[in-house]
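Residue strings, one per chain:
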Amino acid sequence: MPNDGVSRRQWLAATPLGAAVLAAQQHAHEVTQSTKPASFSVLDPGAAHEIEAIASQIIPSDGSPGAREAEVIYFIDCALATFDHDKREVYTKGLEAARAARNAMFPGSKSIAALSPDDQIRLLEAIEKTEFFEQVRTHTILGFFGNRSYGGNRDLAGWKLIGFEDCFQFEPPFGYYDAERKR
């Protein structure tokens, strides 16, 4: 293909989906470079605070960063806004049921987040067989270990915990495969 002075970026921008692709890439770059928390798209601040308290018991901060420090709540919000938008009702009804269980178990309590850690665990044990808890657990784990560009995993807390290196390319040691080769 002859080089007629058009860069790949210019060529991509000229294609029908090019502008959308470039905008998405720019957004992903800004999200990964951002140090301030994003705003919520789906969750209201009250629900986010309650769900974050649940997530923080699933992956607690005990000697290492947990779900709260990794900002898993932003991954959950992003998931509900995009690829798991069909799970919004699970969260809405599930959080309502969790709040009802909290009221029954701890009369006079104000919120799940305001419960002591031991009471939060007792509440979670009471709801652990629900679809809501399973979904929060799944999203918490995905948000803790997922790529930072999807929300969550702030400062690569999950990756650092398991020793994962952010290189996205495996390079075997030089000569590793050649050592077995017969000449």
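Criteria and thresholds
- Residues numbered from 1 in each chain as written.
- Predicted model: local features only at pLDDT ≥ 70, side-chain atom pairs only at ≥ 80, totals over all residues.
- Heavy atoms only, no water.
- Helix = DSSP H or I, 4+ residues; strand = E, 2+ residues; numbered from the N terminus.
- Contact = heavy atoms within 4.5 Å.
- Areas by Shrake-Rupley, 256 points an atom, 1.4 Å probe, with all protein chains shown as cover.
- 1 Å grid on protein atoms, 1.4 Å probe; cavity = no way out; pocket = protein on both sides within 12 Å on 5 of 7 lines; lining within 4 Å.
- Points joined across faces, edges and corners; volume = space filled by probe spheres on them.
- Nonpolar A, V, L, I, M, F, W, Y, C, P; charged D, E, K, R; others polar.
- Buried < 20%, exposed > 50% of the residue type's maximum accessible area, 1.4 Å probe, protein only.
- Core = buried A, V, L, I, M, F, W, Y, C linked by side-chain atoms within 4.5 Å.

K.L.:
Please explain the overall build of the chain as it appears in this structure.
P.N.:
Across its full length, the chain carries eight helices and zero strands. In the chain, the succession of α and β elements from N to C terminus is α-α-α-α-α-α-α-α. The long-range fraction of contacts in the chain, counting pairs at least 24 apart against all pairs at least 6 apart in sequence, stands at 59%. Accessible area of the chain: about 12,300 Å², with a carbon and sulfur share of 55%.

K.L.:
What should I look at first to understand the layout of surface pockets in this one?
P.N.:
Rolled over the atoms, a probe as big as a water molecule pinpoints where empty space is left. Each pocket or cavity is described by its volume, and for the second largest pocket that value is around 180 Å³. Forming the walls of the second largest pocket are Val42, Leu43, Asp44, Ala47, Ile51, Leu80, Arg88, Tyr91, Thr92, Leu95, Glu96 and Arg99. At the level of elements, helix 3 (45-58) and helix 5 (88-105) are the ones that each hand at least two residues to the lining of the second largest pocket. Of the residues belonging to the lining of the second largest pocket, the class tally is seven nonpolar, one polar and four charged.

K.L.:
Looking at this model, I keep getting lost on helix 4 (residues 72-81). Mind explaining?
P.N.:
Note that an α-helix has 3.6 residues per turn; residues three or four places apart therefore point the same way. The buried count for helix 4 comes to eight of 10 residues, which makes it a mostly enclosed element. Buried residues along helix 4 sit in contact with helix 3, helix 5 and helix 7 (131-145).

K.L.:
It is not clear to me how unusual backbone geometry should be interpreted in this structure. Could you clarify?
P.N.:
Negative phi values dominate among residues other than glycine, just as trans dominates among peptide bonds. The residue aspartate 155 is not glycine, and still its phi comes out positive at about 55 degrees. On the secondary structure map, aspartate 155 appears in the loop between helix 7 and helix 8 (157-162). A residue is classified by how much of its surface remains accessible, and aspartate 155, at 55% relative accessible area, is exposed. Unlike most non-glycine residues, leucine 156 shows phi in positive territory, near 55 degrees. On the basis of relative accessibility, which here comes to 24%, the residue leucine 156 falls in the partly exposed class.

K.L.:
Would you mind showing me how to read the nonpolar core here?
P.N.:
Soluble, globular proteins show a tendency: their nonpolar side chains are buried together. In terms of nonpolar packing, the biggest core is built from 32 residues, with Ile51, Ile54 and Phe132 touching the most fellow members. Of all the secondary-structure elements, those providing two or more residues to this core are helix 3, helix 4, helix 5, helix 6 (117-127) and helix 7. By residue number, the principal contributor to this core is helix 3, which donates seven residues. Once residues within four sequence positions are removed from consideration, isoleucine 51 is found in contact with Leu43, Ile73, Ile76, Tyr91, Leu95 and Val136.

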